[in-house]
Amino acid sequence: MTPQPIDILNKKFGFPAFRHHQKEIISRVLSKKDTFVLMPTGGGKSLCYQIPALIFEGVTIVISPLIALMKDQVDALRVNGIAAAFLNSTQSQLEQSDTIRQLENKQLKLLYLAPERLLGNDGQFIVFLKRIQVSLIAIDEAHCISQWGHDFRPEYLMLAKLKQELPKVPVIALTATADKLTQKDILSKLALKTPQTFLSSFNRANIQYFVEPKRNSYQRLLNFLSGHEEDSGIIYTLSRQSTEDLAARLTAEGYAAKPYHAGLERQVRQQHQELFLKDDIKIIVATIAFGMGIDKSNVRYVAHMDLPKNLESYYQETGRAGRDGLPCQAMLFYSYADVMKLKGFAEVENNAEQTRIMLKKLDQMAEFCQIRFCRRKYLLNYFDEEAPDQCGGCDVCLTEYEKIDGTVIAQKALSAVARLDERFGMNYVVDFLRGSRSEKLRPEHKALKTYGVGADLSKEDWMQYIKDLLAQNYLQKSEGEYPVLKLAQKSTAVLRGKEKVMLIKLGERAEILTETPPYEAGLFLDLKALRNQFAIKENVPPYVIFSDATLIELSTYLPQNKPEMKQISGFGEIKLEKYGKEFQEKIVRYCQEHQLQSRIRDKKPKRQKKASKERTTDTKLSSFESYKEGLSVAEIAKERNLSPQTIEGHLAHFILEGSIEVTELVPESKIPAIIQAIQAHGDAVLGSIKQALGEEVSYGEIKAVINYLKKSKKIP
């Protein structure tokens, strides 16, 4: 009897239900029809060909652009008991011969290849494949075939021959990132036969997007990382040298960081990547040479020190965070100087049309950084997807902006653009407004009446106000390598004093709010340690055994027996048999020690996340673990090279989680006075409470009592 896709999903992969369009895509593939899939990173693209591969009789060939991606996928499949292998240049002749033998003996269900291996050497491997039963060809990262794509690879162009050489074998092409132009190019170059296209939402709801000025970016980066000390993260830079310099500086600051770029020896690159995948280092500082297809599920942030060249690249790179579905952040440091630098690389020799499109994409990337409306909306609209005006998950939506009457400011800016005959860019216009004495300004312009009328504002302020005027369509910007400012239709009414203009006075960024399920933090630590033991034993990254999301689900619902364990996402039949007993014993022992019972009845059919105002980060867990071992706050602070106040804040968090009692951190005699001060001043501003209580009470003690009140529902 032929197995059903849903049964394979449950038993082999441990997932309860299909997502996005997976069910329809798999049905299409099983009918042996060509298919094109566009699905966000972490959305489950691989299952769209892996499940059919287990149903078809023959072998499925997967075309993959990177060796790291092949190994990652094969490791994960083998852990689930699926016969998979890869062929690439890292293997010995003996290893490759063994894989060929397995193919001939029908012992493999999936084989991963680079495109040049498939069609190189005068098509010898294709001749071999014609002798065995190939049931499906999957082309991963299909955008690599398009010259309009963000990661064009010439070797992918060879794949156009596939339908000629293997006309009866269905093809599924998959990508996470492609605008309409790239989608059309992919379908054309692959010559698919009447393909059906499946487009899923581009929205990665668990990613928060932030853009900050690049000025003093290193210190800004350190500020950002201060909330991610023990989290895994990727930091992208433009040049090879800057990856090494930044990795060295971060290492000196105490972060476990390594560089990654194409100029490093292959062995060094592989070593650094392996350290990152196995959580032996926390930060990889990389050029765009790193990341495509990296399946590490617990990356909590991606930071860009330099501007990506287009929104496709940005979307793909930020999409490497939060593949486990838990909250994560994307930080980008922006300066217009980066735009000018990248324009120098955008020109495609002897191809004016491609140059024009690349410059337009760069302008859209810059515009994304400059807007003062929802960044997620802009990003989704770029990919032709509708989105609400506010997402609540980007710096714009998390910031309250104060509006000012900017009519006079607008009139000065618009008048300057008009006086300069709409022929100059933003920097020139701002220098003109501020009365710059630079020799770059033409003498005849310095004689104009408008010259210097904006000397009371800084260059930074003027740049921001002009960006705001652009966003509100009072000004326009031409396309091309050197865009100039132009008046818009709305400009006339403002210049004549008939329309009032409200401009944004930038405020401070709001506190970042994230969502995580309430779970047993101590048990989560125990389960992570157990997962690491299995990972070391099997020589695979920890997330290949189980994702952090699975461990959090275990720590939330506390399954006590095999049927309950089967209800946890990520526990298929193979993993249940291989690891279930040890994980179950660890959970049962923890529950006995803490007098807890199974909460599996609270589990919704589809896992829900409950809001919490703070994330239980690894750095908090590290402090908590030391506290459990009997260390004092001062001892933990000294051991971790952090301030006692920071450690107090870490431990106070676990009062909210129910793992620590308030009296463990605050003397009972102090609690009534602290509660009275909180009730009098509210819990939003700790400084007011501290001022009322004086030096006898620390910030950590105040936060501990606030969390105690929240835990007991005495304050919201």
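Before any of the text, the structure's been laid out above.
Chains are numbered independently. Their residues run from 1 in the order of the written sequence. Local features in this predicted model are restricted to residues whose pLDDT is 70 or higher, and side-chain atom pairs enter the listing and the counts only when it is 80 or higher, whereas totals over whole chains, interfaces and linings include all residues. Computation of side-chain values: all heavy atoms of the structure, hydrogens and water removed.

## Observations regarding the packing of aromatic side chains
Consideration 1: Two aromatic rings, drawn from Phe, Tyr or Trp (for Trp, its six-membered ring), form a pair once their centres lie within 6.5 Å of each other, and the interplanar angle then sorts them: stacked below 30 degrees, edge-to-face above 60, tilted otherwise. Under the counting rule described, the total for this entry stands at 20 aromatic pairs.
Consideration 2: Taking the centre distance of 5.7 Å and the plane angle of 75° together, the rings of Phe546 and Tyr579 count as edge-to-face. Here Phe546, found in the loop between helix 23 (542-545) and helix 24 (548-557), pairs with Tyr579, found in helix 26 (residues 573-593); they are 33 residues apart in sequence, far enough to count as distant. Comparing Phe546 with Tyr579 shows no difference in burial state: the two are buried.
Consideration 3: Aromatic rings pair up to connect Tyr209, Tyr314, Phe368, Phe373 and Tyr378 into one cluster.
Consideration 4: Charge over a ring is defined by NZ of Lys or CZ of Arg lying within 6 Å of the ring centre and within 35 degrees of the ring normal. Above the plane of the ring of Tyr218 lies Arg249, whose end atom (NZ or CZ) is 3.6 Å from the centre. The secondary structure listing takes helices from DSSP runs of H or I that are at least 4 residues long and strands from runs of E that are at least 2 residues long, numbered from the N terminus. A simple rule labels every residue: compare its accessible area, found with a 1.4 Å probe on the protein chains alone, to the largest value its type can have, and call it buried under 20%, exposed over 50%, or partly exposed in between.

## Observations concerning the pattern of salt bridges
Think of it this way: side chains of opposite charge can pair up when their charged atoms draw near.
Consideration 1: The salt bridge criterion pairs a side-chain nitrogen of Lys or Arg with a carboxyl oxygen of Asp or Glu, the two atoms within 4 Å. One pass over the structure, following the stated rule, counts 20 salt bridges.
Consideration 2: Here Lys214 ties to Asp338 by a salt bridge, and the two come within 2.9 Å at their closest N and O atoms. You can see Lys214 sitting in the loop between strand 8 (207-213) and helix 10 (217-225) and its partner Asp338 sitting in helix 14 (residues 336-346), a full 124 residues away along the chain.
Consideration 3: On the basis of relative accessible area, Lys214 is assigned to the buried category, the value being 19%.
Consideration 4: When the shortest N-O distance is used, the salt bridge between Glu274 and Lys278 registers 3.6 Å.
Consideration 5: Judged by relative accessible area, which is 26%, Glu274 ranks as partly exposed.
Consideration 6: Since its relative accessible area comes to 21%, Lys278 is described here as partly exposed.
Consideration 7: A cluster of three or more residues bridged by salt bridges with shared partners is formed by Lys214, Asp306 and Asp338.

## Things to note about the environment of Ile636
Consideration 1: You can see Ile636 is positioned in helix 28 (residues 633-640).
Consideration 2: Between the C-alpha atoms of Ile636 and Phe624, which are 12 residues apart in sequence, the distance is 9.3 Å.

## Some words on the packing of helix 18 (residues 426-433) against helix 20 (residues 459-471)
Consideration 1: Between helix 18 and helix 20, whose axes approach to 10 Å, the crossing angle comes to 125°. The orientation of helix 18 with respect to helix 20, classified from their angle, is oblique. In the packing of helix 18 onto helix 20, the handedness of the crossing is right-handed. In contact with Met426, Asn427, Val429, Val430, Asp431 and Leu433 of helix 18, helix 20 contributes Lys459, Trp462, Met463, Ile466, Lys467 and Leu470.
Consideration 2: In this classification, Asp, Glu, Lys and Arg are treated as charged, Ala, Val, Leu, Ile, Met, Phe, Trp, Tyr, Cys and Pro as nonpolar, and every other residue, Gly included, as polar. Residue composition of the contact of helix 18 with helix 20, by class: eight nonpolar, one polar and three charged. To get an axis, fit a line to the C-alpha atoms, keeping to the stretch in contact for a helix; angles then go from 0 to 180 degrees between the N-to-C directions. Should an angle fall under 35 degrees it is called roughly parallel, over 145 degrees roughly antiparallel, and 65 to 115 degrees roughly perpendicular, with every other angle called oblique. Less than a right angle of anticlockwise turn of the near helix away from the far helix marks a crossing as left-handed, whereas a clockwise turn marks it as right-handed. The contact definition used throughout considers only heavy atoms, calling two residues in contact when any of these lie within 4.5 Å.

## Looking at the nonpolar core
Consideration 1: Judged by nonpolar contacts, the single largest core of 77 residues is most densely connected at Leu118, Ile137, Ile139 and Leu159.
Consideration 2: Examining the composition of this core, we find that five residues originate from one element, helix 15 (residues 352-370), more than from any other.
Consideration 3: Setting aside residues up to four positions removed in sequence, Ile139 forms contacts with Ile63, Tyr156, Leu159, Leu162, Val171, Ile172, Ala173, Leu174 and Leu190.
Consideration 4: Take the buried Ala, Val, Leu, Ile, Met, Phe, Trp, Tyr and Cys residues and link them wherever side-chain atoms come within 4.5 Å; each set so joined is a nonpolar core. Grouped together as the second largest cluster of nonpolar side chains are 60 residues, Leu277, Phe546, Ile671 and Ile689 included.

## Remarks on the packing of helix 17 (residues 407-419) against helix 20
Consideration 1: With their axes 11 Å apart at the nearest point, helix 17 and helix 20 run at an angle of 90° to one another. On the basis of their axis angle, the class for helix 17 and helix 20 is roughly perpendicular. Here Ile409, Ala410, Lys412 and Ala413 of helix 17 lie close against helix 20, whose contacting residues are Trp462, Tyr465, Ile466 and Leu469.
Consideration 2: Among the residues making up the contact of helix 17 with helix 20, the classes are represented as seven nonpolar, no polar and one charged.

## Things to note about unusual backbone geometry
Consideration 1: With phi around 35°, Thr194 is a residue other than glycine that occupies positive phi space.
Consideration 2: Position of Thr194 among the secondary structure elements: in the loop between helix 9 (180-190) and strand 7 (196-199).
Consideration 3: Assessed through its relative accessible area of 62%, Thr194 is described here as exposed.

## Some words on the sheet that holds strand 3 (residues 84-87)
Consideration 1: A pair of strands is labelled paired if DSSP reports no fewer than 2 bridges between them. Within the open sheet, the seven strands sit side by side as 3-4-2-5-6-1-7. Their pairing is parallel. Every interior strand has two partners, whereas the edge strands, strand 3 and strand 7, have only one. For this sheet the average axis-to-axis angle between neighbouring strands, irrespective of direction, equals 20°.
Consideration 2: As paired elements, strand 1 (residues 35-38) and strand 6 (residues 171-175) share four bridges and run parallel to each other. The partner of Phe36 across the bridge, within strand 6, is Ala173.
Consideration 3: Taken strand by strand, helix 3 (residues 47-55) contacts strand 2 (59-63), strand 4 (110-113), strand 5 (134-139) and strand 6, and its axis lies near 140° from that of strand 4.
Consideration 4: Sitting on the sheet, helix 9 touches strand 1, strand 5, strand 6 and strand 7, and the angle it makes with strand 1 is about 155°.

As far as function goes, none of this settles anything; it's purely spatial.
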